Amino acid sequence: MSTLVVCVDRDDDIGLKTGLETPVAGWEAVRSLVTEVGLADPEDSSVNCLLESLRVARNLRDDDEEVIVAVISGAAETMVGRDRAVADQMDDLIADYDPDSAVVVIDSAQDERLVPIVESRVQVDAVDRVVVRQARDIESTYYLLKQFLADEELRQTVLVPVGVALLVFPILLMAAGPATAIASITAVIGLFVLYKGLGVDEYVADLPGEIKDALYSGRVSIVTYVVAAGLSLIGVFAGALRLSNPSAPTGGVLMPAMAFAFASVPWLAAAALAASTGRLLDEIIRNDRVRNSYLNLPFGVLAVGLVVRGFSAYFLQREEYVEPVVVPHMELGSLSVERIVLLPGTRMALFVVAGVVVSLLGVQLSSYLTGTALGEEFEDEELAE
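Residues numbered from 1 in each chain as written. Predicted model: local features only at pLDDT ≥ 70, side-chain atom pairs only at ≥ 80, totals over all residues. Heavy atoms only, no water.

Tallying secondary structure elements over the protein gives 14 helices and nine strands in all. Out of the 385 residues belonging to the protein, those deemed buried represent 31%. Summarising the internal contacts of the protein: among those between residues at least 6 apart in sequence, 65% fall at separations of at least 24. Carbon and sulfur atoms form 62% of the exposed surface of the protein, whose accessible area is close to 23,700 Å². (Helix = DSSP H or I, 4+ residues; strand = E, 2+ residues; numbered from the N terminus. Buried < 20%, exposed > 50% of the residue type's maximum accessible area, 1.4 Å probe, protein only. Contact = heavy atoms within 4.5 Å. Areas by Shrake-Rupley, 256 points an atom, 1.4 Å probe, with all protein chains shown as cover.)

Moving on, we get to the environment of Val-164. Checked against the element boundaries, Val-164 lands in helix α8 (residues 152-176). Sequence-wise, Val-164 and Ile-185 are 21 residues apart; in three dimensions their C-alpha atoms are separated by 9.8 Å.

The element strand β1 (residues 2-9) is largely enclosed, with a buried count of eight among its eight residues. Of the two faces of β1, the one carrying Ser-2, Leu-4, Val-6 and Val-8 and the one carrying Thr-3, Val-5, Cys-7 and Asp-9 are both buried. Two elements, β1 and strand β3 (residues 66-73), share eight bridges in a ladder whose sense is parallel. Residue pairing across strands places Thr-3 opposite Val-67, the latter belonging to β3. Of the pairings in the sheet, the one linking β1 to strand β4 (residues 101-106) comprises five bridges and is parallel in character. Note on β4: the bridge partner recorded for Cys-7 is Val-105. (Pairing = 2+ DSSP bridges.)

This part is about a negative patch on the surface. Negative charge collects at one region of the surface, where Asp-62, Asp-63, Asp-64, Glu-65 and Asp-125 lie side by side. Topologically, Asp-64 is positioned in the loop between α3 (46-62) and β3. (Patch = residues over 30% accessible without salt bridge, like charges linked within 9 Å, V, L, I, M, F, W, Y side chains within 5 Å. Salt bridge = Lys/Arg side-chain N within 4 Å of Asp/Glu carboxyl O. Lys, Arg positive; Asp, Glu negative; His and termini not counted. Charge placed at Lys NZ, Arg CZ, Asp CG, Glu CD.)

On the surface, Leu-191, Leu-194, Tyr-195, Leu-198, Val-200, Tyr-203 and Val-204 cluster together into a nonpolar patch covering about 690 Å² of accessible area. Broken down by secondary-structure element, the contributors of at least two residues to the nonpolar patch are α9 (178-197) and α10 (200-217). The topology assignment puts Leu-191 in helix α9. In this structure Leu-191 comes out as exposed when scored by relative accessible area, which is 60%.

Here we take up the pairing of β3. Counting buried positions along β3 yields six of eight residues, so the element is predominantly enclosed. Relative to β3, strand β2 (residues 24-25) runs antiparallel, the two being bridged by two bridges. The residue bridging Ala-25 from the neighbouring strand is Ala-70, located in β3.

In space, the five strands of this open sheet follow the order β2-β3-β1-β4-β5, with mixed pairing throughout. Bordering the open sheet on either side are β2 and β5 (124-129), each of which pairs with just one other strand. Strands β1, β3, β4 and β5 of the sheet are contacted by α3, whose axis makes an angle of about 175 degrees with β1. Lying on the sheet, helix α4 (residues 79-97) is in contact with β1, β2 and β3; it crosses β3 at an angle near 155 degrees. (Axes fitted to C-alpha atoms, helices over the stretch in contact; angles between N-to-C directions.)

In structure tokens, the structure reads:
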């Protein structure tokens, strides 16, 4: 059995400080790389990560295992590009050495996010995270503060918001009073913590690159997303107009919310349907096989829209804010259908049943198409054999 000991560097600190391109594979090559990184920045934890990779490879080699030690990094500008670069380099290593398993060596939680990418290509037997031990004098407050101030990313993340809060707080204190000032600053800090904690900053940073890639690749979803945004605005506008109508329900929360949903849900459902259809078309164009989730999504969106419309109509019709559905008198030859006025419960039940039927149709269609694709693939494999 052959084992690949791979050191993962998502931020490409190794490439930026040494100017070398990854992947770097082989005992001597990685050993030379340790010297290059150490001379460029002796305080970088990547040095310890590289040394740990060599140590793990040596121990496995002493146990009579065939070992390949390598280094991969995310040499790109955006986070998505870095992850794709790591995936491409991992594919190159597998094509060159064909390992049976891998041991991933990392030095940070950010690098640990790349473990699923490695696992999707080769069996991962272990993940070795390097934690650097420091001397007591290095852990002094002065040194930590100095290192903190030298890190540009940390300064922008922590010091800038704190400085803005300290400047705005006395202004709010004099203009609106202590309660408003404290509430405002606390709310802004809470939003900032959520912004960083949920990774919205990374998404916003990657969004221009993803939009650029989508435009250059000619994805249908770009157009459908714009259509979905326009339909969503129309839906919100329609709901607002419904609430501003003199005959609109007033008082409480439930009835105005139902009125807003009744007017806006058709537009919002159409917006979600347009967006999901665009994603589905992209998958059909790019892949031979389409996952069930993409096939089910448009039907699910339509089903949810029907159910929400039915429940909101039930409340509004009970309070006489909307007219009941009337089936007029019809005569078809000898068959005669009397005029029918749908009660609120009957109207809601019909919408719910319609939603369930649409959802089941989506499941049935996706299962049929997936089964057909699997059958064709099986036939192709039999013919090839």
